[in-house]
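# Inside the fold
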Amino acid sequence: MAIKSWRKVSIGTFGLSVLLHVCLFFLVGSWVIIQAVSPKLPPQPVDGNYTSEQVTEPPPPEPEDTPEPTPSSDPVETTQAPTQTGMPDDLVTSVAVNNSFVMPPSVGVYVPGAPIAGGQQAGSGSKVSAEVAKLTVGKIFGTEVAAKKLGVIIDVSGSAHPYLLPVLADVQKNFPDAVIILAMGCGMVDGTPAPKILDYTTAVPDPVKDSRLKKDGPEYQQWGRTSLAQINWAKTRGSKYERLFDELKARGNVYCIYGGDTGVTQYAFKELYKHQVDTIYWFADFDDAIQDNAAKKVLSDVKNRSIKVIAQNFSGDPKKNGMKFAKELTKETDGTLVVKKQ
């Protein structure tokens with residue numbers, strides 16, 4: 001009886017054990033299948049302190065004396081060219097972005113008797129400034145003269161005759177466009193009536209006033225007191241003088257101050273203003289009187305017009321009557337005074 005009871009208990013326990021194993025088998029199998037099919041989620045931190053516990057190694061400290069990096073000036077390494085207006089700051093070191101850009105040529109080199117034209121930037125279409133548009137440099141009677149538009153006042157009285165050939169030859173050669181005023185003497189007398197301004201190309205000498213009036217006494221007293229009379233006197237000195245004045249007649253831009261004896265040179269200046277000259281070359285011995293009012297008017301006029309005056313005293317005497325004004329005139333106009341015996 002006892003044996004039967006144990007067997008019943010053993011069978012019951014065994015069956016229960018089998019049943020548990022079967023259930024466990026199904027549970028484990030199901031878990032494996034679920035793990036194989038379902039996506040795996042990334043691991044999550046257990047708590048909020050996980051991130052703060054991670055340690056990242058800091059970068060090595062920079063040396064204190066390391067210079068601050070500067071942007072490269074090489075255009076090849078620049079990712080974006082800066083916007084630029086106007087001309088480059090440094091045309092020597094800058095790399096040209098536009099290959100068509102051409103540096104303007106220099107104004108030029110002074111060459112005696114040659115016009116110097118200002119440069120122009122290629123493709124710009126801009127006109128050359130009037131200040132450098134044309135400048136002619138040359139020598140007159142050994143004195144350097146530079147002008148865009150030259151006016152010349154020449155004393156043609158007897159004392160100047162020995163020098164007329166070289167001085168007028170230099171003007172003809174080096175300044176063919178100069179405006180020439182032929183005057184008897186170089187004085188300025190206050191209140192003198194305005195003389196006639198004759199175009200030498202068409203001027204006709206008066207048979208009496210402009211001729212030889214007598215044949216005795218000092219030569220300068222033998223001839224009439226006009227510029228045309230003094231020119232006729234100069235022509236008697238030889239064929240070279242005749243040829244010189246024939247060339248002046250054919251030249252154009254030559255005028256005569258006619259009347260007023262030696263005291264109307266201020267009207268020679270006035271005539272040159274009309275031709276818009278920027279420089280006046282005045283050739284005389286400065287032996288004639290120059291009075292204050294006439295002198296002040298001339299000085300004021302040339303300064304207001306920014307005309308430079310170059311005065312050359314061919315006598316070489318610094319004590320002549322008109323030298324005081326010649327010094328003031330050339331100084332106030334940034335000109336040149338030449339006192340030299342030739």
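See the structure printed just above.
Figured I'd write up the structure that's included with this text. Keep in mind that what you see is a predicted model, and the values were worked out from it rather than measured.

### Some words on the nonpolar core
Grouped together as the largest cluster of nonpolar side chains are 34 residues, with contacts concentrated most on Ile140, Leu150, Ile154, Leu164, Ile180, Tyr200 and Tyr281. Where this core is concerned, the elements lending two or more residues are β3 (143-147), β4 (150-155), α3 (161-174), β5 (179-183), α4 (227-235), α5 (239-251), β7 (254-258) and β8 (279-284). With five residues, the top contributor of residues to this core is α3. Counting 32 residues, the second largest nonpolar core, distinct from the first, contains Ile153, Tyr255, Val264 and Ile307.

### Overview of helix α8 (residues 323-332)
Every buried residue of α8 is accounted for by Met323, Phe325, Ala326, Leu329 and Thr330. Looking straight down α8, one finds that the buried residues subtend no more than 155° of arc, so they occupy a single side. Along α8, exposed side chains directed more than 90 degrees from the buried face belong to Lys324 and Lys331. On its buried face, α8 sits against α6 (266-274), β8, α7 (292-304), β9 (308-313) and β10 (336-339). Positive phi appears at Asp334, one or two residues downstream of α8, with a value of about 60°.

### Topic: the packing of α6 against α7
Across the interface, α6 lies against α7 with an axial gap of 10 Å and an inter-helix angle of 20°. Considering the angle they form, α6 stands roughly parallel to α7. For the element pair α6 and α7, the recorded crossing hand is left-handed. Here α6 contributes Gln266, Phe269 and Tyr273 to the contact with α7, which in turn contributes Ala294, Val298, Asp301 and Val302.

### Regarding the sheet that holds β5
Here seven strands make up an open sheet; going across it, the order is β6-β7-β5-β4-β8-β9-β10 and the pairing mixed. Of all the strands in the sheet, the pair left with one neighbour each is β6 (196-199) and β10. Taking the axes of each pair of neighbouring strands and ignoring which way they run, one obtains an average angle of 20° across the sheet. Pairing geometry for β4 and β5, over five bridges, is parallel. Bridge pairing in β5 links Ile154 to Leu182. Packed on one face of the sheet, α6 meets β4, β5, β6, β7 and β8 and runs near 160° to β4.

### Topic: the packing of α7 against α8
Packing of α7 against α8 brings their axes to within 10 Å, and their N-to-C directions diverge by 15°. As judged from the angle between their axes, α7 and α8 are roughly parallel. For the pair α7 and α8, the sense of crossing is right-handed. Along its contact with α7, which presents Ala295, Val298, Leu299, Val302 and Lys303, the element α8 presents Phe325, Glu328, Leu329 and Glu332. Per-class residue counts for the contact of α7 with α8 are six nonpolar, no polar and three charged.

### Considering the environment of Asp190
Structurally, Asp190 can be placed in the loop between β5 and β6. Accessibility expressed as a relative area gives 28% for Asp190, which makes it partly exposed. Apart from residues lying up to four places away in sequence, Asp190 is in contact with Gln291, Asp292, Asn293 and Ala294. From its side chain, Asp190 meets the backbone nitrogen of Asn293 in a polar contact 3.3 Å long. Engagement of the side chain of Asp190 in a polar contact is seen with the backbone nitrogen of Ala294, the distance being 2.7 Å.

Rules and cut-offs
- Residues numbered from 1 in each chain as written.
- Predicted model: local features only at pLDDT ≥ 70, side-chain atom pairs only at ≥ 80, totals over all residues.
- Heavy atoms only, no water.
- Core = buried A, V, L, I, M, F, W, Y, C linked by side-chain atoms within 4.5 Å.
- Buried < 20%, exposed > 50% of the residue type's maximum accessible area, 1.4 Å probe, protein only.
- Helix = DSSP H or I, 4+ residues; strand = E, 2+ residues; numbered from the N terminus.
- Arc of directions from axis to C-beta.
- Contact = heavy atoms within 4.5 Å.
- Axes fitted to C-alpha atoms, helices over the stretch in contact; angles between N-to-C directions.
- Parallel < 35°, antiparallel > 145°, perpendicular 65-115°, else oblique.
- Left-handed = near helix turned anticlockwise from the far one by under 90°.
- Pairing = 2+ DSSP bridges.
- Nonpolar A, V, L, I, M, F, W, Y, C, P; charged D, E, K, R; others polar.
- Polar contact = N/O pair within 3.5 Å; in protein donor to acceptor, adjacent residues only side chain to side chain.

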